[in-house]
Amino acid sequence: MPTSIPIVCPYCGVGCNLELTLDENSRPIKSSASGRNPELNARYLCVKGFSVHELLNHEERLTQPFMRKIDKLELVAWEEAITAAAQGLKEIIAKYGAESVGTLCSGKILNEEAFLTQKFQRAVIGNNHVDNCARLCHGPSEVALRRQLGYGAVSTFLEDYDATETVFLVGAHTTFTHPVIWMSIKKRAKKGGLNMILADPRETDLIKHATLHLKVKPGMDIFWIKALGKIIKEKGWHDREFCEKHTIGYEAVCKTLEDFDVDAACSRAGLKRSELEKAAELIHDRKTVFIWGMGLTQHAHGTDNVTALVNLALLTGNIGKPGCGLSPLRGQNNVQGAGDMGALPNLLPGHMPVEDEAARIHMGSIWDAVLPTRDGFSAPEMIHEIASGKIKALYVIGENPAVSEPQSTFVTWMLQRLDLLIVQDIFPTVTMKYAHIVLPAAMVGEKEGTFTNAARRIQYTAAGLKAPGEARPDWQILQDMANAMGANWQYRSTDDIWEEIRKAAPVFSGVSHKRLKGSAGIFWPCYDESHRGTPRLYEDGFGFKDRRARFMPVSTPQSLMEPTEEYPYVLITGRLLEHFNTGEMSRRTTKLSRLRPASFLEINPEDAQLAGLSENDMVRLTSPYGSVNLRLTLSEGMQPGYLFAPIHFDTPNLNALMSAVPIDPKARMPALKVVPVKIEKK
């Protein structure tokens, strides 16, 4: 009988390795870092990682299927639930067509399960309406990086932090969101000679480590990034040789900077020209890693924000070399993997475009199916198309759109309009309240397979625990659903599924479960079993036929979330160390809930005094789209005119304040980071 089980943490995109210590009844009683993977987290874990065992033992785990009968969810047997779900989908397809069904895929399930999710949608349902949670966080990063460099993924790995000379951190509170990444940066800083540029409107704990803090106005990133690029170009501090040998579009971007007014851009962004000149000095002739979070991406022009930053990295030659690169901080443990496996409306497994006929034929031959040719709807578009009548059924696997999508009151209304809502999860969620059928799933430690962390490191996670009640691994549920729909899937294990992935996507063909079990993980692309993987992308050229990166001109946005006379503040949303995403996991952990039991609203003390408000006042926070009530907290870290609240609570749900439009036209993502608001005492 094993006394411990090696797993990969189910929280953020770092992919920390931890051990579950078991008691005499084979139940987990402790989560710890054993040092099993010295290349990643060694013996470090954050407070969330230390609490994983609590989730596995939690009394609220879903243990048996439910079906809605009249207006109440009632427990049913698996056969009844699967039969009803499949029959409901078949009836909707017969009446409205295959295009009437959409699927939301989790960024937390195994790679093998994400692969089957998109296969189910494409080969069984018959459309490309499949999406994952990356849409709401780093969808713009994926689009910009793929368009400019070849792959929608991080180009660096942790060893680059040891070699870098400057870390440029944009719109991310790394100590809270990715603590182990921060430990790597801090470890490098102790060696001396590291500069850190921090671009953040808030004064977080990171400022004490920063060489330079740029207090940028949220949403104004294109202004200051383009201004910084022009300053670097004018000073002759760009890497002209790199640009001419390894890129295209360099001259085009330079032309867009000729008439660009640096001083006016600084004014819009809330900066002084001298601050950007200092930033240019800290990048000049220094190996630089660019790291960013959702402060850069969660805007209606998020893709252009990231494009501007990629242009800056190309201009300075900081890609494809030791100590250099681009690193979006992916939020969920397998959100990178979900995209890699094709759980996106425009990409097949291995990042092959749906529009690529050869890729469709290749995949179709493996699946014995004719793949749909048109890109599918993104997650926000699926919600909107419920209103139009185009989407009649939604299969939600490990997602919680009732809380995570903008204009949440509209979202819950739309969920209630569906003919069929199937929810598959490990815990009851807000979304489950509107489900017609609920399927209980197993979680990490109860199933074996692979996860891919933010840096493209594929890792094996072991099983050994019995799932509670009748809960099943997602891959088994998907297989049952597919076969009930008329397919003939015969997978016996996740290893069987992974072998199909290797055939389907060449970038994973050199990775096997056997190799992963004996390693600290393998970075894709990895083309054969003698290949060590690719920890650092683009050392031998970029992912295009000409092997050159693409500069892409960007324009400053016309539509911005700015304060008005009626809504004089700008609310910034963000994350806490103690909680995670919509909070369905972290709020069920005793220690984490005790540390941060409730939501709050931060305000600058001067603003509070002017508004006649005090610490702990209950206030009503109102945007043009909705209102919520929050407890007030005074914070010197907030600039006047700005407020901050965390995203992890369903009471209140901050997304009731957010607008579903405008939407990023390239990444099809709504603006979730900032919104103009007003406050009043309750």
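In the block above lies the structure referred to throughout.
Worth saying up front: this structure is predicted, and the values here are computed from it rather than measured. (Residues numbered from 1 in each chain as written. Predicted model: local features only at pLDDT ≥ 70, side-chain atom pairs only at ≥ 80, totals over all residues. Heavy atoms only, no water.)

Right, let's get into the nonpolar core. Ranked by size, the top nonpolar core spans 162 residues in total, and within it Phe120 and Trp224 carry the most contacts. Sequence-distant contacts of tryptophan 224, that is, excluding residues within four places in its chain, are made with Phe168, Val170, Ala199, Leu214, Val216, Ala269, Leu271 and Leu276. Ile386, Ile391, Ala402 and Val423 belong to the second-largest nonpolar core, a separate cluster that totals 24 residues. (Core = buried A, V, L, I, M, F, W, Y, C linked by side-chain atoms within 4.5 Å. Buried < 20%, exposed > 50% of the residue type's maximum accessible area, 1.4 Å probe, protein only. Contact = heavy atoms within 4.5 Å.)

Before going further, it helps to spend a moment on the pairing of strand β17 (residues 420–425). Of all six residues in β17, six are buried; the element is thus mostly enclosed. Sheet topology places β17 next to strand β18 (residues 437–440); four bridges connect them, and they run parallel. Considered in β18, the bridge of valine 423 is made with valine 438. (Helix = DSSP H or I, 4+ residues; strand = E, 2+ residues; numbered from the N terminus. Pairing = 2+ DSSP bridges.)

Right, let's talk about the pattern of salt bridges for a bit. Counted according to the given criterion, the structure contains 36 salt bridges. With a shortest N-O distance of 2.8 Å, lysine 447 and glutamate 113 are connected by a salt bridge. Placement of the pair is lysine 447 in the loop between β18 and β19 (449–452) and glutamate 113 in helix α3 (residues 111–125), with a sequence separation of 334 residues. With relative accessibility at 5%, the residue lysine 447 sits in the buried group. Among the ionic pairs, aspartate 474 bridges to lysine 447, the shortest N-O distance being 2.8 Å. In this pair, aspartate 474 is assigned in helix α20 (residues 474–484) and lysine 447 in the loop between β18 and β19, connecting sequence segments 27 residues apart. Across this residue pair, the class does not change: aspartate 474 and lysine 447 are buried. (Salt bridge = Lys/Arg side-chain N within 4 Å of Asp/Glu carboxyl O.)

Relative to each other, helix α2 (residues 78–96) and α20 sit at 55 degrees, their axes nearing to 9 Å. One finds that α2 runs oblique with respect to α20. As α2 packs across α20, the resulting crossing turns out to be right-handed. Contacts from Trp78, Ile82, Ala85, Ala86, Leu89 and Lys90 of α2 reach α20 at Ile477, Asp480, Met481 and Ala484. (Axes fitted to C-alpha atoms, helices over the stretch in contact; angles between N-to-C directions. Parallel < 35°, antiparallel > 145°, perpendicular 65-115°, else oblique. Left-handed = near helix turned anticlockwise from the far one by under 90°.)

Omega for the bond connecting threonine 651 with proline 652 falls within 30 degrees of zero, at 0 degrees, which places this linkage in the cis form. Each neighbour pair has its own omega, and for valine 661 with proline 662 the value is 0 degrees, a cis peptide bond.

Time to look at the side chain of threonine 174. Relative to the helices and strands, threonine 174 is located in helix α6 (residues 174–177). Non-local contacts of threonine 174, meaning those with residues more than four positions away in its chain, are made with Leu169, Pro179, Ile181, Trp182, Leu206 and Leu329.

Taken in spatial order, the six strands line up as β23-β27-β24-β26-β25-β28 and close into a barrel, and their pairing is mixed. Here the average twist between neighbouring strands, direction ignored, is 45 degrees. Where strand β25 (residues 618–623) lies against strand β28 (residues 674–681), four bridges are found, and the strand directions are antiparallel. Within β28, the residue paired with leucine 621 across the bridge is isoleucine 679.

Bringing the side chain of threonine 303 into the picture now. If you trace the backbone, threonine 303 turns up in helix α14 (residues 302–315). Not counting residues up to four positions away in its chain, the partners in contact with threonine 303 are Pro140, Val143, Ala144, Asp664, Lys666 and Ala667.

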